[in-house]
Amino acid sequence: MKHTLVALVENKPGVLNRVASLFRRRAFNIESIAVGHSEQPGLSRMTVVVNGDSARIEQVRKQLDKLINVVRVSDITAEDIVTRELALIKVKTTTATRSEVIQIVDIFRANIVDVAPDSLTVEVTGDENKLESLLELLRGFGVTEINRTGRIALTRGGTAQANRL
Amino acid sequence: MKKTGSQILCESLIKEGGEVFFGILGGALLPLYDTLPQYPQLRHILVRHEQGAAHAADGYARVTHKAGVCIATSGPGATNLVTGIANAYMDSSPIIAITGQVARPFIGKDAFQETDITGITLPITKHNYLVTDAAELARTVKEAFYIAQTGRPGPVLIDLPKDVQQEEVEFAELGEVDLPGYRFVSRGHSVQIKKAVGRINKAERPVIIAGRGIVISQAYNELKELAEKAQIPVVSTLLGISSFPGDHILNFGMIGMHGLAYANMAVQNADLIIATGMRFDDRATANTKQFAPQALIIHVDIDPAEIGKNIPVDIPIVGDAKNVLKAMNKQIERGEHLDWLTQLDQWRREHPLVESGQGDELLPGYVIHQIHEITQGDSIIVTGVGQHQMWAAQHFLYTRPNSLISSGGLGTMGFELPAAMGAKVGQPEETVWCIAGDGGFQMTVQELGTIAQEHLAVKIAIINNGYLGMVRQWQEFFYERRYVDTKLWNPDFVKIAEAYDIPGIKVKSREEVTPAIQKAMDYPGPFLIDFVVEPEENVYPMVQPGESLSRILERPKPEMASSR
Ligand SMILES: Cc1ncc(C[n+]2csc(CCOP(=O)(O)OP(=O)(O)O)c2C)c(N)n1
Ligand SMILES: [Mg+2]
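Everything numeric in this text was worked out from a predicted model, so none of it was measured.

## A short note on the overall build of chain B
- Along its length, chain B carries 24 helices and 20 strands.
- The globule rule puts the C-alpha radius of gyration for 564 residues at 24 Å, and the 24 Å found for chain B is close to it.
- With the C-alpha coordinates aligned to their principal axes, the bounding extent of chain B is approximately 70 × 60 × 40 Å.
- Looking at the 564 residues of chain B, the share that counts as buried comes to 61%.

As structure tokens, this is what we get:
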């Protein structure tokens with residue numbers, strides 16, 4: 001099963017390497033990893049999606065927690081969470097197909113961020129299902145490039161992760 | 001006041017109690033070493049190989065309960081430390097490894113003797129640092145000692161570029177260590193402790209498994225109180241051996257692959273296990289699926305990640321062994337367990353540790369036994385890895401706390417000599433016996449030079465079986481005696497010692513054993529004895545790899561043994 005781990009980490013050189021190295025060392029395959037500044041100065045928030053049974057994920061979570069630069073880490077899979085991912089998708093278009101692609105993009109409330117004579121670049125945010133559905137439809141026109149951020153996640157409601165733990 | 005990075009490092013080491021350090025200099029450390037004469041309180045011990053520096057720091061740390069420091073230059077010096085750092089990591093030994101690094105402008109350029117030592121040691125250190133600003137150095141050293149010595153101890157590496165050593169910065173007093181991502185739980189959760197005590201009070205066949213965590217937290221008295229009050233037998237892992245007196249009636253010895261038969265039987269028949277400061281290493285548990293099949297398992301460890309890692313646990317208690325046992329002792333009821341102890345005593349009588357020979361051949365167990373007799377157990381024993389390590393674990397009666405120093409988790413041949421050296425530096429008043437394998441001894445033999453130069457009175461007993469004995473035993477048992485490349489051509493070890501100005505004797509028969517050990521003890525300096533023992537003596541009992549701890553192979557009866 002896919003688990004979503006969210007970690008608050010110190011924003012120092014090498015921290016991403018420490019986290020990634022730990023996953024490798026304990027034989028876990030990272031599905032996606034996304035990291036950026038958090039609300040607290042000097043700390044970044046990292047979202048890691050990883051596959052495995054609960055016992056093994058708990059083991060890796062505890063190992064992550066032992067890293068000095070990891071301030072907090074939790075497995076929020078079972079909690080009420082909001083997850084999002086952003087993708088940029090370049091689709092082949094011709095004068096004949098362009099308007100159809102635009103219609104699909106509209107239905108998904110996605111945006112067109114670049115237009116060229118023979119392609120459109122689409123920006124879409126949402127959960128993985130939404131991204132996959134849109135991709136599925138666009139593939140029919142010919143997708144030449146995709147860049148995805150990987151999942152980011154927050155728990156719903158007022159309390160921040162930092163205060164809860 | 002302005003100080004150089006080198007001065008800051010020296011003063012920080014003094015402040016943190018790291019006055020003694022083992023190392024070898026090189027280009028990237030010249031500024032630091034040039035500063036050493038300004039600090040006569042510091043004692044640098046020049047070793048012959050950086051692996052020796054790391055093992056010495058490890059041995060020093062284990063006998064002093066504080067961090068040991070080792071130091072190496074950039075590139076090959078740093079990589080030579082790696083085995084020693086990994087060894088300390090596996091056995092939770094607090095060492096501080098300081099490495100020189102090329103100057104900052106050269107980092108990332110594949111400069112001469114540049115190596116990414118923080119990258120290399122990432123998975124084998126508790127934490128590591130690359131210091132890029134001399135103003136950060138004092139805080140870094142303070143944090144490093146704090147991290148290494150607290151919680152579950154472990155190695156911390158500080159990589160120090162040459163120009164940072166030379167950089168002059170304002171040296172300010174430091175506040176407290178502030179590490180938001182570093183926490184450890186010392187006190188066990190009271191609800192968990194209560195739950196555990198409730199079950200212990202009701203248990204009929206309880207067993208305590210003592211690990212190195214007891215030694216690290218110095219919970220000897222607490223362990224003894226628990227065992228005595230509730231009348232619970234104690235077994236131990238290899239590294240837990242000197243956590244409970246060897247001559248105590250409740251001590252049933254070491255468990256595991258070469259554990260005593262009755263120790264393993266105790267675990268396999270227990271209805272409750274209190275595993276304290278141990279991590280269910282596979283050499284201790286054998287097949288984990290069949291480990292202690294009838295037992296409810298209480299696991300006390302300071303590292304939450306150890307809970308449930310190898311064995312499912314019924315009642316986990318995260319905390320420092322000393323605190324947790326103390327809390328348990330307050331609530332534990334007096335117990336008797338007469339039937340259980342009678343049963344264990346019977347197994348102890350029925351399955352004694354026996355040696356193969358009856359004649360006058362020189363057997364390794366006898367040698368170890370005699371070292372015990374002559375020292376009266378008043379010695380720190382440091383071993384390498386292999387058969388001699390197991391014999392040292394089995395045949396010496398460890399009555400003193402923390403008197404066995406051995407490479408457990410990594411199983412590093414060559415640990416013995418430098419670790420003994422470090423132990424002697426850490427406890428100069430104590431007798432230190434290095435029980436060496438003839439194979440392992442040759443992996444770090446050059447430290448005889450350090451021992452001679454520093455006049456360290458380490459007593460060395462080489463258990464010379466002419467083989468990489470433990471591997472030979474596996475070839476005998478599992479590869480139909482095909483001894484591929486386990487036979488050793490050995491030099492004359494006594495002559496080697498003499499070349500280092502260390503006296504020695506070769507011992508080939510039983511009668512020579514006692515006088516030789518006595519001579520070594522009487523001699524005021526380092527002394528080496530080359531015990532030429534039976535080459536094909538095996539270590540028994542043995543639980544074969546993959547088997548359950550219940551399937552104990554004991555020594556065949558003499559007639560079978562002599563037919564070999
Ligand atoms: C550095 C290292 N290399 C290889 C091994 C594998 N190994 C384990 S025991 C052993 C034999 C050790 O020989 P010796 O030091 O003579 O001890 P003995 O078993 O003969 O007592 C070997 C090669 C090891 N543990 N460590
Ligand atoms: Mg040998």
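More follows now that the structure is in view.
## A short note on the packing of aromatic side chains
Residue and element names in this part refer to chain B.
- Scanning the entire structure with this criterion turns up 14 aromatic pairs over all chains.
- Consider the rings of Y523 and F527, whose centres lie 5.8 Å apart with planes at 55°: the pair is tilted.
- Look at Y523 and you get partly exposed, because its relative accessible area is 35%.
- Grouping aromatic residues by their ring pairs yields a cluster made of W474, F477, F478 and Y540.
- A cation over a ring is seen here: R348 above F252, with NZ or CZ 3.9 Å from the ring centre.
- When the ring centre of Y467 is taken as origin, the NZ or CZ atom of K487, which lies over that ring, is 4.5 Å away.

## A look at the domain arrangement of chain B
Residues and elements named next belong to chain B.
- Structurally, chain B comprises domain 1 (2-170), domain 2 (190-350) and domain 3 (364-539).
- One C-alpha centre belongs to domain 1, the other to domain 2, and the line joining them spans 37 Å.
- With nine residues of domain 1 at the contact, the number on the domain 2 side is ten residues.
- Between domain 1 and domain 2, a total of about 800 Å² is buried, with carbon and sulfur atoms accounting for 51% of that surface.
- For domain 1, the biggest contributors to the area lost against domain 2 are H65, D91 and R152; these three give 60% of the whole.
- Along the contact surface separating domain 1 from domain 2 lie two salt bridges.
- Residue R152 is joined to D303 by a salt bridge in which the shortest nitrogen-to-oxygen separation is 2.9 Å.
- Counting the contacts that link domain 1 with domain 2 gives four residue pairs in polar contact (both at pLDDT 80 or more).
- Looking at the side of domain 1 that touches domain 2 residue by residue, the class counts come to two nonpolar, four polar and three charged.

## Thoughts on the interface of chain B and chain A
- Listed as interface residues are 17 residues of chain B and, on the opposing side, 15 residues of chain A.
- Both sides of the chain B and chain A interface together cover about 1,400 Å² of buried area, and 50% of this is carbon and sulfur.
- Applying the counting rule to chain B against chain A returns two salt bridges.
- Among the salt bridges present, the one from B:R183 reaches A:D65, with a minimum N-O distance of 3.2 Å.
- Counting every contact that joins chain B to chain A gives seven residue pairs in polar contact (both at pLDDT 80 or more).

## Notes on the coordination of the magnesium ion (ligand 2)
Residues and elements named next belong to chain B.
- Those protein atoms acting as donors to the magnesium ion (ligand 2) are D438 (OD), N465 (OD1) and Y467 (O), and they sit at 2.0 to 2.2 Å.
- Along the chain, the residues donating to the magnesium ion (ligand 2) fall in the pattern D-x26-N-x1-Y. The same class applies to N465 as to Y467, namely buried.

## Here's the deal with the packing of helix α11 (residues 220-230) of chain B against helix α14 (residues 321-331) of chain B
All names here are of chain B.
- Closest axis-to-axis distance for the α11/α14 pair is 9 Å, and the angle between their directions is 30°. The angle between α11 and α14 places the two elements in the roughly parallel class. Crossing geometry of α11 relative to α14 is assigned as left-handed. Contacts from E222, L223, E225, L226 and K229 in α11 reach K322, L325, K326, M328 and N329 in α14.
- Among the residues making up the contact of α11 with α14, the classes are represented as four nonpolar, one polar and five charged.

## Observations regarding α14(B)
- Inspection of α14(B) places B:A321, B:N323, B:V324, B:L325, B:M328 and B:N329 among the buried residues, and these make up the whole buried set.
- Residues of α14(B) that are buried in the fold lie against α9 (190-202), α10 (212-216), α11, β12 (272-276), β13 (296-301) and β14 (315-318) of chain B.

## Focus: the pairing of strand β4 (residues 68-72) of chain B
Residues and elements named next belong to chain B.
- Counted residue by residue, β4 has five buried out of five residues, so it is predominantly covered.
- Residues G68, C70 and A72 point to one face of β4 and V69 and I71 to the other, with burial holding for every one of them.
- For β4 and strand β5 (residues 95-101), the ladder comprises five bridges, and the chain directions are parallel. Bridge pairing links G68 to I95 in β5.

## Side note on the environment of B:R472
All names here are of chain B.
- Residue position: R472 is located in helix α21 (residues 469-478).
- Classification of R472 as buried rests on a relative accessible area of 0%.
- Linking R472 and P515, residues 43 residues apart in sequence, is a C-alpha distance of 30 Å.
- When near neighbours in sequence (up to four residues on either side) are disregarded, R472 contacts Q387, Y467, Y483, T486, P535, E536, E537 and N538.
- Looking at R472, its side chain comes within polar contact range of the side chain of E476, at 2.7 Å.

## Thoughts on the pattern of salt bridges
- Under the definition given, this model contains 35 salt bridges over all chains.
- In this structure, B:K309 and B:E306 form a salt bridge, with 3.1 Å as the shortest nitrogen-oxygen distance.
- The exposure class assigned to B:K309 is partly exposed, which follows from its relative accessible area of 27%.
- You can call B:E306 buried: its relative accessible area is 5%.
- The partner of B:E537 in a salt bridge is B:R555, with the nearest N and O atoms 3.4 Å apart. Linking B:E537 in the loop between β20 (527-532) and α24 (558-562) with B:R555 in the loop between β20 and α24, this pair joins segments that are 18 residues apart in sequence.
- Shared partners join several salt bridges into a network, and the residues in it are A:K66, B:R152, B:D303, B:E306 and B:K309.

## A word on the nonpolar core
Residue and element names in this part refer to chain B.
- Membership of the largest hydrophobic core comes to 62 residues, with the highest contact counts inside it found for V235, V267, I273, F291, I298, I317 and M328.
- Here the element with the most residues in this core is helix α12 (residues 261-269); it accounts for six residues.
- Dropping the residues within four chain positions of it, I273 is found in contact with V207, I209, V267, F291, A292, A295, L296, I297 and I298.

## Thoughts on α12(B)
All names here are of chain B.
- With eight of nine residues buried, α12 lies mostly within the body of the structure.
- Within the span of α12, buried status applies to A261, Y262, A263, N264, M265, A266, V267 and Q268.
- Elements in contact with the buried residues of α12: β9 (206-210), β10 (234-236), β11 (251-254), β12 and α15 (338-350).

## Observations regarding the sheet that holds strand β16 (residues 404-405) of chain B
All names here are of chain B.
- Judged by pairing direction, the sheet is parallel, and its six strands sit side by side in the order β16-β15-β17-β18-β20-β19 without closing on themselves. Here the strands that pair on one side only, and so sit at the sheet edges, are β16 and β19 (504-507).
- In the sheet, strand β15 (residues 380-383) pairs with strand β17 (residues 432-437) via four bridges, with the strands oriented parallel. Residue pairing across strands places V382 opposite C434, the latter belonging to β17.

Rules behind the numbers
Residues numbered from 1 in each chain as written. Chains lettered and ligands numbered in written order. Predicted model: local features only at pLDDT ≥ 70, side-chain atom pairs only at ≥ 80, totals over all residues. Heavy atoms only, no water. Helix = DSSP H or I, 4+ residues; strand = E, 2+ residues; numbered from the N terminus. Rg over C-alpha atoms; globule rule 2.2 N^0.38 Å. Buried < 20%, exposed > 50% of the residue type's maximum accessible area, 1.4 Å probe, protein only. Phe/Tyr/Trp six-rings, centres within 6.5 Å; stacked < 30°, edge-to-face > 60°. Lys NZ or Arg CZ within 6 Å of the ring centre and 35° of its normal. Domains from an automatic or database assignment. Contact = heavy atoms within 4.5 Å. Buried area = accessible area lost by both parts, 1.4 Å probe. Salt bridge = Lys/Arg side-chain N within 4 Å of Asp/Glu carboxyl O. Polar contact = N/O pair within 3.5 Å; in protein donor to acceptor, adjacent residues only side chain to side chain. Nonpolar A, V, L, I, M, F, W, Y, C, P; charged D, E, K, R; others polar. Donors = N, O, S within 2.8 Å, 3.2 Å for Na, K, Ca; no water. Axes fitted to C-alpha atoms, helices over the stretch in contact; angles between N-to-C directions. Parallel < 35°, antiparallel > 145°, perpendicular 65-115°, else oblique. Left-handed = near helix turned anticlockwise from the far one by under 90°. Pairing = 2+ DSSP bridges. Core = buried A, V, L, I, M, F, W, Y, C linked by side-chain atoms within 4.5 Å.

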